[in-house]
Amino acid sequence: MVLTDEGSLAFLPEGNASDHLYGLADTASLEELAFGWRTAQEVREWALSLCERVESELDAGQPGEAVAQWLNGRGLPSGVSVLETLRERRWSPSGCALSALLLLFQRQMYATLDELMPGCQWSVLEMPGVLAPPVRDMILTATRSQT
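The rules we used
Residues numbered from 1 in each chain as written. Predicted model: local features only at pLDDT ≥ 70, side-chain atom pairs only at ≥ 80, totals over all residues. Heavy atoms only, no water. Axes fitted to C-alpha atoms, helices over the stretch in contact; angles between N-to-C directions. Helix = DSSP H or I, 4+ residues; strand = E, 2+ residues; numbered from the N terminus. Parallel < 35°, antiparallel > 145°, perpendicular 65-115°, else oblique. Contact = heavy atoms within 4.5 Å. Salt bridge = Lys/Arg side-chain N within 4 Å of Asp/Glu carboxyl O. Buried < 20%, exposed > 50% of the residue type's maximum accessible area, 1.4 Å probe, protein only. Phe/Tyr/Trp six-rings, centres within 6.5 Å; stacked < 30°, edge-to-face > 60°.

Where helix α2 (residues 30-59) contacts helix α4 (residues 77-87), the two axes come as close as 9 Å, and the packing angle between them is 90°. Here α2 lies roughly perpendicular to α4, going by the angle between them. Seen from α2, the contacting residues are V43, R44, W46, A47, L48, L50 and C51; seen from α4, they are S78, S81, V82, T85 and L86.

Listed below in structure tokens is the structure:
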């Protein structure tokens, strides 16, 4: 069963999320932690770059690809990545570590979903604006390695 009667994902762990993140930090390999760290940094760089490109297009009075990408992603996870980046202009090492763990947790949950429902429509994640490109690549790598 993938969904509960309430419509939430049945395979998500119960309890305090911080306990699961601590467990992940304890059990993940150094390679996985480094991968999460790099991905978190890439997401931040992507979001800041997108904001700069949007501002340039708007300043020039010529909305283009960046504005379209921003508009399409506003209510999607890629938009959340932008908002989270802008919320923390000064990014601390602990902020990066938390982002890395959250990304690794997310990757695990997508891999679990892929095991439970082989053949998911992962192509949806490749649609522009759905996920920040580094997150998309991280998740699709996890799901494709399962097949």
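Next comes the rest of the write-up.
The tally for this structure, following the rule as stated, stands at 3 salt bridges. Two residues, D137 and R136, come together in a salt bridge whose shortest N-O distance is 3.1 Å. Judged by relative accessible area, D137 falls into the partly exposed class, the value being 39%.

Summed over the entire model, instances satisfying the criterion amount to 1 aromatic pair. Taking 5.6 Å as the distance between ring centres and 65° as the angle between the ring planes, the aromatic pair formed by Y110 and W122 counts as edge-to-face. Placement of Y110 in helix α5 (residues 93-116) and of W122 in the loop between α5 and α6 (133-146) is noted, with a sequence separation of 12 residues between them. Judged by relative accessible area, which is 13%, W122 ranks as buried.

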